[in-house]
Every structure is written in structure tokens, then in C-alpha cells.
Amino acid sequence: QDHIISAKQLSRADIEEVLDRAADIAADPGAFADRHDDALLGLLFFEPSTRTKMSFTAAMKRLGGDVVDMGTVESSSVKKGESLADTVRVVEGYADALVLRHPSEGSAKMASDYVDVPLINAGDGAGQHPTQTLLDLYTIRENAGFDDLTIGIMGDLKYGRTVHSLAHALTEFDARQHFVSPESLQLPRSVRYDLHEAGADVREHTSLEPVLSELDVLYVTRIQAERFPDESEYREVAGEYQIDAGTLADAKDDLTVMHPLPRVDEIDHEIDATEHAKYFQQAHNGVPVRMAILDMVLEGER
Ligand code: CP
């Protein structure tokens, strides 16, 4: 079954196929308007979401289909103690594909073992967020391209699932990757190991300043308060690694600044009006990219 669980399962050819189809969709969305007019997508979000849930909903509706939504944990039978395995086994009977967000790392892989319809991981704890990576790569291709790409990835590298997915996918494009974080939020050992095994060109730093001028893309992430086991640990690093217009004074003129959003205080609002800011474009790219993903997944299903 074609489940999408991790960026590690995507080759460069797979990625380019999705990005090319997303570009076709963006160029002529009407041509895809009734491609899946009898299809239903099951939404299972055990954690909050604005972008992922709404852009998957918009994508499915723009393909002519519809969604069936579990709603929140509080309003569903999860509240009564129903397991994830039982939940997905039930909901696969209501939908042609499932999208799952869950706070536990490994949950998407586990859930996918219980279902026959395609299951798409929309974020599993601090694990992976592969569809975010595809829209991130689409945005990088639009703005900086992949040739001789140097990217800085800054913020919460320990808990950031968007980072874990993106860093791995970038190895397919031979990008130079500079990771910038406090020591306590460096990449997990398992991610470092995977990047090493994939032959990635990576360096780790505690400050942006020495590498900023080399970067084509700066990917900023939020420090994820909700994943810290101890709030005092969060308070020690909260508010670090913020950027403003002054920070970018030594950056390339065409530096692309990205962020998976939501932001808290990592990017000063004065950057929003500059040519560097591509994070809202990045969020909007979620629709054509997720239309492409759903189109391909549902095409395979039928
Ligand atoms: N980037 C992202 O996953 O945003 P949401 O949490 O709002 O879905």
C-alpha cells in the first residue's frame, strides 16, 4: 500500500514527480477540478493544526472530493479511550485515504499497519512531517532552485519534525546544510546518523552569524514548548534565535527566508514586507502540493 510515512522513503525522482504535478496544478487548477469527485479523505488530527488540516481539506475539495473529519480528541471517542489502531480501522471504512496527525513519534507507521487505504503522516510527534517537506521543497525550487544550494536550518532541531523530514530530503539534492541551534536543541542522534548514512554535507553551529552570508535559504523554526518534558527547560531557550531586519544585513540580497509556521517570535514582523519573506507563499503552496499528493495517492488507489 502507498502510505506516506517519512521523507526517507522519497527518492529525488519521487519528489520531482510530486513537485512537477503540483506546478501543473498551480498553472491550471481547473483541469484537476473534478478528478476525484467521488473521493473522501478521512482527517484524524489528534493535535492542533491550521495549515496542514485546512490545506488538505482545500486540496481534497479542489479535486472535487470531500473530507470526513474526526474533529478534536475531546469531541471524538478517543476521549472514551478508543485506541489509535481501532480508530483507523473504523475510519478506513468511511474514506478512500487517511491523513493522521498524532503526538507520538512512530504512530503513523504503527497506524498504517492496520489499514488497507493509503495513510498519510501529517506529523507524528517529533518524528516526521513528509508532506510539509514536499511543500518546503516546492517553495525552495520556486525561489532558490536546487543547484549548488546552501541552506541554514535554525531553531528547534531536536523536536522539529519538519526539520527531520526536510534535512533528509535535501540529501537527495546534495544541499549543504548548516544547522543552527542551542546545544540543548541540536539534532537527535538518530537523525544525525541517518544524514551521515545518506552522505549529507552538514555542519552544526550555535550562532547564525558565521554562516549567514553563505546561505541561499534560511529555514527558521519555532521552539516547540509543547514537546518539552519540563517547562523550565523550555524557558531556558525560549526567545533565542530570533531574526529581524538587522540580523539579515549581511545576508545575500536574494536570501529566501522560510518557516513552516506557526511562528511565535522567531521572525520579526518587519521582515514580512521584505523580498526575503516567503513563509506565507510557502503555506499557500500547501494546497497545490497536497492536491498533487492526493491525486497521485488516489490514482494509485483506483
Ligand atoms: N506547518 C504546520 O504543520 O502547521 P500546522 O501545525 O498549522 O498544521
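Residues numbered from 1 in each chain as written. Predicted model: local features only at pLDDT ≥ 70, side-chain atom pairs only at ≥ 80, totals over all residues. Heavy atoms only, no water.

> So what's going on with the side chain of Gln128? Which residues, and what values?
Among the structural elements, Gln128 can be located in the loop between strand S4 (119-124) and helix H5 (130-143). Gln128 sits in the buried class, given a relative accessible area of 11%. At 2.8 Å, the side chain of Gln128 and the backbone nitrogen of Ala7 are in polar contact. Within polar-contact distance, the side chain of Gln128 engages the side chain of Ser165 at 2.8 Å. (Helix = DSSP H or I, 4+ residues; strand = E, 2+ residues; numbered from the N terminus. Buried < 20%, exposed > 50% of the residue type's maximum accessible area, 1.4 Å probe, protein only. Polar contact = N/O pair within 3.5 Å; in protein donor to acceptor, adjacent residues only side chain to side chain.)

> Account for empty space enclosed by the protein, naming residues and giving values.
This structure, assessed with the given rule, holds one cavity of 30 Å³ or more. In this structure, the largest cavity spans a volume of roughly 40 Å³. Around the largest cavity, the lining residues are Arg51, Gln132, Leu135, Pro260, Gln282, Ala283 and Arg290. Residue assignment for the lining of the largest cavity shows that the elements contributing at least two residues are H5 and helix H9 (279-284). Classifying every residue of the lining of the largest cavity by side-chain character gives three nonpolar, two polar and two charged. (1 Å grid on protein atoms, 1.4 Å probe; cavity = no way out; pocket = protein on both sides within 12 Å on 5 of 7 lines; lining within 4 Å. Points joined across faces, edges and corners; volume = space filled by probe spheres on them. Nonpolar A, V, L, I, M, F, W, Y, C, P; charged D, E, K, R; others polar.)

> Go over the site of the ligand with me, naming the residues and quoting the values.
As a structural note, the neighbourhood of the ligand is formed by Ser49, Thr50, Arg51, Thr52, Arg101, His129, Gln132, Pro260 and Leu261. Residue Ser49 places a side-chain N or O atom 2.6 Å away from an oxygen atom belonging to the ligand. A distance of 3.0 Å separates a nitrogen atom of the ligand from a polar atom in the backbone of Leu261. In isolation the ligand has 250 Å² of accessible area, and contact with the protein removes 90% of it. Cavity membership is defined here by more than half of the atoms lying within 2 Å of grid points; on that basis the ligand lies in the largest pocket. For the shell around the ligand, a count of residues per class yields two nonpolar, five polar and two charged. (Near = heavy atom within 4 Å. Areas by Shrake-Rupley, 256 points an atom, 1.4 Å probe, with all protein chains shown as cover. Sits in = over half its atoms within 2 Å of the grid points.)

> Which residues make up the layout of surface pockets, and what values do they have?
For the largest pocket, the calculated volume is near 390 Å³. Together, 22 residues line the largest pocket, and Arg101, Arg161, Arg222, Leu261 and Pro262 are the ones closest to its centre. Taken together, the residues that form the lining of the largest pocket break down as four nonpolar, ten polar and eight charged. Taken domain by domain, the makeup of the lining of the largest pocket includes at least three residues from each of domain 1 (7-128 + 286-301) and domain 2 (130-283). (Domains from an automatic or database assignment.)

> Before we move on, can you summarise the side chain of His205 with the specific residues and values?
Mapped onto the secondary structure, His205 falls in strand S7 (residues 201-205). In this structure His205 comes out as buried when scored by relative accessible area, which is 18%. Discounting chain neighbours no more than four positions away, the residues touching His205 are His178, Phe179, Val180, Ser181 and Val211. (Contact = heavy atoms within 4.5 Å.)

> Give me the sheet that holds S7: which residues, what numbers.
The parallel open sheet is built from five strands, whose spatial order is S7-S6-S5-S8-S9. Only two strands of the sheet have a single partner each, and these edge strands are S7 and strand S9 (256-258). Adjacent strand axes in the sheet meet at a mean angle of 20°, parallel and antiparallel pairs treated alike. (Pairing = 2+ DSSP bridges. Axes fitted to C-alpha atoms, helices over the stretch in contact; angles between N-to-C directions.)

> Give me the lowdown on the sheet that holds strand S2 (residues 66-69), citing residues and values where you can.
What the four strands build is an open sheet, ordered S2-S1-S3-S4; its pairing is parallel. Whereas interior strands pair on both sides, the edge strands pair on one side only; in this sheet they are S2 and S4. Going from strand to strand, the sheet's axes swing by 20° on average, the running direction of each strand aside. Bridge analysis of strand S3 (residues 97-102) against S4 gives four bridges, and the strand direction is parallel.

> Please set out the domain arrangement of the protein chain residue by residue, giving values where relevant.
In terms of domains, the protein chain is made up of domain 1 (7-128 + 286-301) and domain 2 (130-283). The distance between the C-alpha centroids of domain 1 and domain 2 comes to 25 Å. For the domain 1 and domain 2 pair, buried surface summed over both sides reaches about 2400 Å², with 59% attributable to carbon and sulfur atoms. Contact with domain 2 buries area across many residues of domain 1, yet Arg12, Leu19 and Arg51 alone supply 24% of it, more than any other trio. (Buried area = accessible area lost by both parts, 1.4 Å probe.)

> Please give an account of the packing of helix H1 (residues 12-27) against H5 that cites residues and values.
As a packed pair, H1 and H5 sit with axes 10 Å apart at the nearest point and diverge in direction by 70°. Compared by their axis directions, H1 and H5 come out roughly perpendicular. Every residue of H5 that contacts H1 at Ile15, Glu16, Val18, Leu19, Asp20, Ala22, Ala23 and Ala26 is listed here: Leu134, Leu137, Tyr138 and Arg141. Taken together, the residues of the contact of H1 with H5 sort by class into nine nonpolar, no polar and three charged. (Parallel < 35°, antiparallel > 145°, perpendicular 65-115°, else oblique.)

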